[in-house]
Amino acid sequence: MVADFRRRFWICLPLTLGVVLLSQHIQMLVGLSGIIAFPGDRLVEAALASAVFFYGGWPFITGLSSEVRQGKPGMMTLVSLAIVSAYIYSLAVLAGLAGEVFFWETATLILVMLLGHWLEAKSVLGASGALQALVRLMPATATRLGAGGAQEELPISALKPGDLVLVRPGAKVPTDGTVTEGSSSVDESMLTGESRPVDKTTGGRVVGGSVNGDGALTVRIDRTGGETYLSQVIRLVEQAQATRSRTQDLANRAAGVLTWVAIAVGGGTFAVWLLLGAPLAFALERMVTVMVISCPHALGLAVPLVVAVSTELTARNGLLIRDRAAFERARALQAVVFDKTGTLTEGRFGVVSVVPLGAGHDETSVLRLAAGLEAASEHPIAKGILRGAADRGIVAPPAIEFRNLPGEGARATIEGSEVEVVSPGTLGRRGIAVTDARVAAEHQAGRTVVFVVLNGAVAGAVALADIIRPESREAVRQLQALGLRCMMLTGDAKPVAEQVGRELGLDEVRAEVLPHQKSEVVQAIQAKGLTVAMVGDGVNDAPALAQSDLGIAIGAGTDVAAEAADIVLVRNDPRDVVAILALARATYAKMAQNLVWATGYNVIAIPLAAGVGMPWGILLTPAMGAALMSLSTVVVAFNARLLGRQGEHRLATLRRDIAQAGATAPAVAA
């Protein structure tokens, strides 16, 4: 469409100039009457105007035919009625009917309309560039590694799961996979909105389309084709662009009503001026001007352009919209309900505290023994202890003769001593009682406690809990500052949930909630008249995500949760819920501004086109009407594009402020 309107405009431009120069009316206005005159000049003017009419006006005439067949007269109908009536009337005058030819106004009207449609199509194309930008992220080829390290360059469509590929420094990752060799930093900003490169080492997951840094990586392919993360993002963006918002439906209905109003007002204007004794040419000119100036292009584009821009903006920042109407509801949110595990917390154990119990032991020595023993275990608690030791800079000593103790813990020999990490139940069965108040407090808080036993004597206790995301505290604080009520629903034990609630300052915590009960709780909150967003990441969150007014699936959530949600957050960062709220409000503001401009323009312009302003010397010609109509469309398009710049700036400022606040906040312990 862009190319077609551009081509028609440039071809019609010199033809229209010829029509204008040969017009007697124009010659008289500029004082050139009789200077450009020759035998048959009226016929030449008509021929040039006919070329503009049939070539330049053809898209509008075919559009009229399409709208009439569908029974939905709209913008093309108005434009076509204007240019057809002016052209046929001019031919009749040329054939002998009393009046003045409109050839120059017909030609300039078509030229201005072509320019307006060219700019509109260009704006729509630019605003809908999210999919093209995402597709361009994917490289065309990849370097597959064969037997003996042989390298083969082949299209990414030929890759299969399990293939090993080499990603050179500065190259794009061809598709989703796992790093098997090498280390580097990877730029995922175009996919997740994360500005800083993400370090990748052996075992790290990489996403197709991300850009490798300075190191070479060997990657095992995990997903190809439509299963890749980027393909899923593209499908979500397509779905978002296909869904219609409530505001958009309102604008389209208004545009349809305006079409009938313009036809009625145009016909009424023609009849009234004739009844008032005005010449036929003047009455026809007023009718044509009304129909031209009331074309609801600006109204029809007021919302779709904003939708396209916001879809591109959110996708570029890792906020994937699946339902436009739900996204619009985000601006009016009153409560946000969070899942705990994997949403507010990281879903993995971390060391919260270490309690020395035996003489001669301190926190470091107790955790050092526990880490040395657990280095050979794959248990989640063992991994949590190892992470805790690594965070404290503790080097685990080597262990020998490692043995699992089913249902009890593990045992090994470290530096010549027998070391065990066992559960409280194991100590109870052995008749060993631990009465330390510090350990009791950890149990009371709902944390998992294991004991380190050295040569049969209890050396200390290690308390572990699900790690609260560092970003969760700031997310809750920001949402509460905006006047939203923050709650948490979890199937976890009540002491654990209440501890997390206290740490984050949540308004309400509900624990030991079964999956089907989560949706019932959300429904009960809605029954109080609150607009509710549900944020979760797991299969058990899917019913609640679907029940809520706005379902948000966070980061690494399951496919089921993503399918049930209205918005998917690419990053595992609950602070992006604040970004959604900010963008929803900015998007709605732009929609409202465009609708006010488009409707206000028509309210003022249509009466002026009908001739109401004549007593004050205001009289719009059809060409002036076309210019104003196109100008209103360009204003709407420009205002929509401003959302992109303003939204990027607002997101950058928001994330910077949140990051600075998070950097000065105390560490969060689960």
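The model shown is predicted, which means the values in this text are computed figures rather than measured ones. (Residues numbered from 1 in each chain as written. Predicted model: local features only at pLDDT ≥ 70, side-chain atom pairs only at ≥ 80, totals over all residues. Heavy atoms only, no water.)

Asker: I would appreciate a short explanation of the overall build of the chain in the present structure.
Answerer: Looking only at helices and strands, the chain features 25 helices and 22 strands. Counting across all 670 residues of the chain, residues that qualify as buried make up 51%. If you take every contact in the chain between residues at least 6 apart in sequence, the share linking residues at least 24 apart comes to 68%. (Helix = DSSP H or I, 4+ residues; strand = E, 2+ residues; numbered from the N terminus. Buried < 20%, exposed > 50% of the residue type's maximum accessible area, 1.4 Å probe, protein only. Contact = heavy atoms within 4.5 Å.)

Asker: Looking at this structure, how should I read the environment of Val453?
Answerer: Residue position: Val453 is located in strand E16 (residues 448–454). Taking the C-alpha atoms as reference, Val453 lies 6.3 Å from Val421; in sequence the two are 32 residues apart. For Val453, the residues in contact, after removing those within four places along its chain, are Glu418, Val419, Glu420, Val422, Leu427, Val458 and Ala459.

Asker: It is not clear to me how the sheet that holds strand E18 (residues 485–489) should be interpreted in this structure. Could you clarify?
Answerer: Pairing is mixed across the open sheet formed by 7 strands, whose spatial order is E10-E22-E21-E20-E11-E18-E19. Pairing within the sheet leaves two strands with one partner each, and these edge strands are strand E10 (319–321) and strand E19 (508–510). Direction aside, the axes of adjacent strands within the sheet are offset by 20 degrees on average. Of the pairings in the sheet, the one linking strand E20 (residues 532–536) to strand E21 (residues 550–554) comprises 4 bridges and is parallel in character. (Pairing = 2+ DSSP bridges. Axes fitted to C-alpha atoms, helices over the stretch in contact; angles between N-to-C directions.)

Asker: Would you explain helix H24 (residues 576–610) in this entry?
Answerer: In an α-helix, one turn spans 3.6 residues; hence positions three or four apart end up facing the same way. For H24, spanning 35 residues, the distance from its first C-alpha to its last is 51 Å, which sits close to the expected 51 Å at 1.5 Å a residue. Note on H24: the residue one or two positions beyond its end, Gly611, has a positive phi of about 105 degrees. (Expected span 1.5 Å × (residues − 1).)

Asker: Any chance you could explain the packing of helix H3 (residues 41–56) against helix H4 (residues 58–70) here in plain terms?
Answerer: The geometry of a pair of packed helices is captured by two quantities: the angle between their axes and the separation between those axes. Running from N to C, H3 and H4 cross one another at 50 degrees; their axes reach a closest spacing of 5 Å. With respect to their mutual orientation, H3 and H4 come out oblique. Residues Phe53, Phe54, Tyr55 and Gly56 of H3 pack against Trp58, Pro59, Phe60 and Ile61 of H4. (Parallel < 35°, antiparallel > 145°, perpendicular 65-115°, else oblique.)

Asker: Got a minute to help me understand the sheet that holds strand E6 (residues 198–200) in this structure?
Answerer: Pairing between the strands of a sheet is mediated by backbone hydrogen bonds and can be parallel or antiparallel. Strand order in this open sheet of 3 strands is E6-E5-E8, and the pairing throughout is antiparallel. Of all the strands in the sheet, the pair left with one neighbour each is E6 and strand E8 (211–212). For strand E5 (residues 184–187) and E6, the ladder comprises 3 bridges, and the chain directions are antiparallel. Looking at the pairing, Ser185 lines up with Asp199 of E6.

Asker: Would you take a moment to explain the pattern of salt bridges for this structure?
Answerer: Tallied over the entire structure, the rule returns 22 salt bridges. Residues Arg144 and Glu152 are paired through a salt bridge, measuring 3.1 Å at the closest nitrogen-oxygen approach. Accessibility expressed as a relative area gives 41% for Glu152, which makes it partly exposed. As a salt-bridge pair, Arg220 and Asp222 come within 3.7 Å of each other at their nearest N and O atoms. You can call Arg220 partly exposed: its relative accessible area is 34%. On the basis of relative accessibility, which here comes to 24%, the residue Asp222 falls in the partly exposed class. A network of salt bridges, in which partner residues are shared, links Arg411, Glu418, Glu420 and Arg430. (Salt bridge = Lys/Arg side-chain N within 4 Å of Asp/Glu carboxyl O.)

Asker: Is there a simple way to think about the UniProt feature "transmembrane region" (unreviewed entry) in the chain in this case?
Answerer: The positions that UniProt labels "transmembrane region" (unreviewed entry) are, in the present scheme, residues 12–37, 43–64, 76–95, 101–119, 254–276, 288–309, 595–618 and 624–644. Within residues 595–618, the helical portion is 67% and the strand portion 0%, while the C-alpha atoms at the span's ends are 26 Å from each other. (UniProt positions renumbered as here; feature names shortened; annotations may be inferred.)

Asker: Explain a nonpolar patch on the surface to me, please; I cannot follow it from the model alone.
Answerer: Residues Trp597, Leu628, Leu631 and Val635 make up a contiguous nonpolar surface patch of roughly 330 Å² in combined accessible area. At 3 residues, helix H25 (residues 622–664) tops the list of elements feeding residues into the nonpolar patch. Residue placement: Leu631 occurs in helix H25. (Patch = residues over 30% accessible without salt bridge, like charges linked within 9 Å, V, L, I, M, F, W, Y side chains within 5 Å. Areas by Shrake-Rupley, 256 points an atom, 1.4 Å probe, with all protein chains shown as cover.)

Asker: Just to check I follow, could you spell out the environment of Val578 for this structure?
Answerer: Position of Val578 among the secondary structure elements: in helix H24. It is 7.0 Å that separates the C-alpha atoms of Val578 and Gln478, two residues lying 100 residues apart in sequence.

Asker: Would you take a moment to explain unusual backbone geometry for this structure?
Answerer: Trans is the prevailing form of peptide bonds, just as negative phi is the prevailing case for residues other than glycine. You will see that Asn455, though not glycine, has its phi angle at about 55 degrees, which is positive. In the Ramachandran plot, Glu512 falls in the positive-phi region, its phi being about 55 degrees despite a non-glycine side chain. Mapped onto the elements, Glu512 comes out in the loop between E19 and helix H21 (515–527).

Asker: How do you make sense of the packing of helix H15 (residues 363–374) against helix H16 (residues 380–391) when you look at a structure like this?
Answerer: Where H15 contacts H16, the two axes come as close as 9 Å, and the packing angle between them is 130 degrees. Taken together, H15 and H16 sit at an angle that is classed as oblique. Here the hand of the crossing between H15 and H16 comes out left-handed. Contact residues: Leu367, Ala370, Ala371 and Glu374 in H15; Ala382, Ile385, Leu386, Gly388 and Ala389 in H16. Its residues assigned to classes, the contact of H15 with H16 shows 7 nonpolar, 1 polar and 1 charged. (Left-handed = near helix turned anticlockwise from the far one by under 90°. Nonpolar A, V, L, I, M, F, W, Y, C, P; charged D, E, K, R; others polar.)

Asker: Mind showing me how you'd approach the side chain of Ser210 here?
Answerer: With respect to the secondary-structure elements, Ser210 resides in the loop between strand E7 (205–206) and E8. Within the structure, Ser210 has its side chain in polar contact with the backbone oxygen of Val207 (distance 2.6 Å). (Polar contact = N/O pair within 3.5 Å; in protein donor to acceptor, adjacent residues only side chain to side chain.)

Asker: Just checking my understanding: could you explain the confidence of the model for the chain for this structure?
Answerer: Note: predicted coordinates in regions of low pLDDT should not be interpreted at a detailed level. Mean pLDDT over the chain works out to 81, with 84% of the residues at or above the 70 mark. When the criterion is pLDDT under 50, residues 664–670 qualifies, and its contacts beyond four places in sequence or with other chains add up to 18 contacts. (pLDDT = per-residue confidence, 0-100.)

Asker: Explain the pairing of E21 to me, please; I cannot follow it from the model alone.
Answerer: Burial runs high along E21: 5 of the 5 residues are buried. Of the two faces of E21, the one holding Leu550, Ile552 and Ile554 and the one holding Gly551 and Ala553 are both buried throughout. The pairing of E21 with strand E22 (residues 567–569) spans 3 bridges and is parallel. Along E22, the bridge assignment pairs Ile552 with Ile567.

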